[in-house]
Amino acid sequence: MGELVTRSEEFRTVWAKHNVRLHHTGRKVFRHPGIGEVALDFDAMGLPAQPGLTLTACSAEPHTPAHDALRLPAAWTATEDTLAATTPRTEEQHS
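On a predicted model such as this, the values are computed, not experimentally measured, just so you know.

Sorry, what's going on with the overall build of the protein chain here?
The helix and strand inventory of the protein chain stands at 4 helices and 3 strands. Along the protein chain, helices (α) and strands (β) appear in the sequence α-α-β-β-β-α-α when read from the amino end. Burial analysis of the protein chain (95 residues in total) assigns 8% to the buried set. Long-range contacts, defined as pairs at least 24 residues apart, comprise 19% of the intrachain contacts of the protein chain with a sequence gap of at least 6.

Please clarify how the nonpolar core should be interpreted in this entry.
Here is a general trend for soluble globular proteins: nonpolar side chains tend to be buried in one another's company. In this structure, Ile35, Val38, Leu40, Ala60, Ala66 and Ala69 together form the largest nonpolar core, which totals 6 residues. Here Val38 is in contact with Lys28, Val29, Phe30, Ala66, Ala69 and Leu70, once residues within four sequence places are set aside.

What is the right way to look at the pattern of salt bridges in this model?
Once the charged atoms of two side chains with opposite charge are near each other, the side chains can pair. Counted by the stated rule, this structure contains 2 salt bridges. In this structure, Asp41 and Arg27 form a salt bridge, with 2.9 Å as the shortest nitrogen-oxygen distance. Residue Asp41 is found in strand 2 (residues 36–46), and its partner Arg27 is found in strand 1 (residues 25–32); the two are separated by 14 residues along the sequence. Residue classification places Arg27 among the exposed residues on the basis of a relative accessible area of 57%. Residues Arg31 and Glu37 are paired through a salt bridge, measuring 2.7 Å at the closest nitrogen-oxygen approach.

Looking at this model, I keep getting lost on the sheet that holds strand 3 (residues 54–59). Mind explaining?
Read across the open sheet, the 3 strands follow the order 1-2-3; overall the sheet is antiparallel. On the outer flanks of this sheet lie strand 1 and strand 3, each paired with one strand and no other. Neighbour to neighbour, the strand axes of the sheet diverge by 40° on average, direction disregarded. Sheet topology note: the strand 1/strand 2 ladder contains 8 bridges and is antiparallel. Residue pairing across strands places Arg31 opposite Glu37, the latter belonging to strand 2.

Quick question: what am I supposed to make of the environment of Glu37 here?
Counting through the fold element by element, Glu37 comes out in strand 2. For Glu37, a relative accessible area of 53% gives the class exposed. C-alpha separation for the pair Glu37 and Ala69, spaced 32 residues apart in sequence, amounts to 8.9 Å. Not counting chain neighbours up to four residues away, the residues in contact with Glu37 comprise Val29, Phe30 and Arg31. A polar contact is formed between the side chain of Glu37 and the side chain of Arg31, at a distance of 2.7 Å.

What counts and how
- Per chain, the residues get numbers from 1 upward, laid out in the order the sequence is written.
- Residue-level local features of this predicted model are given only where pLDDT is at least 70; pairs of side-chain atoms are given and counted only at 80 or more, and the full residue set underlies all totals for whole chains, interfaces and linings.
- Hydrogens and water molecules were not included; the side-chain quantities draw on all heavy atoms of the structure.
- Under the scheme used here, helices are H or I runs from DSSP no shorter than 4 residues and strands are E runs no shorter than 2 residues, and both carry numbers assigned from the N terminus.
- Using a 1.4 Å probe on the protein chains alone, a residue whose accessible area is under 20% of its type maximum counts as buried, one over 50% counts as exposed, and one in between counts as partly exposed.
- Note on definitions: a residue-residue contact is assigned when non-hydrogen atoms from the two residues lie within 4.5 Å.
- We call a set of buried Ala, Val, Leu, Ile, Met, Phe, Trp, Tyr and Cys residues a nonpolar core when their side-chain atoms join them within 4.5 Å.
- Salt bridges are identified by distance alone: a Lys or Arg side-chain nitrogen within 4 Å of an Asp or Glu carboxyl oxygen.
- Note on pairing: two strands pair once DSSP finds at least 2 bridges between them.
- Axes here refer to lines fitted to C-alpha atoms; in helices the fit is confined to the stretch in contact. Angles between the N-to-C directions go from 0 to 180 degrees.
- Throughout this description, a polar contact denotes any pair of N or O atoms lying within 3.5 Å of each other; where both atoms belong to protein, one of them has to be capable of donating a hydrogen while the other can accept it, and for residues adjacent in sequence the pair is counted only when both atoms sit in side chains.

Taken by themselves, the reported measurements are silent on function.
Structure follows, in structure tokens:
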């Protein structure tokens, strides 16, 4: 940042004003270690009862690669839950 402030008049002016704004809608790319890159649409909503806080909801259009990718962790969890429910517990696990 220091170099930008010293070399760019435009950056120095904007930085001094702290002219930062919230994007209320858009697309964000996330990288998940198990499913890779996923591009999700987002909507940010201010919370009237909590000034200064914002709730951001992300979603994927149905029948898209992003939508399919989001279903993978849910499938993994369902599989783990099924295995846990059907695996007999040993005496140690009961205590």
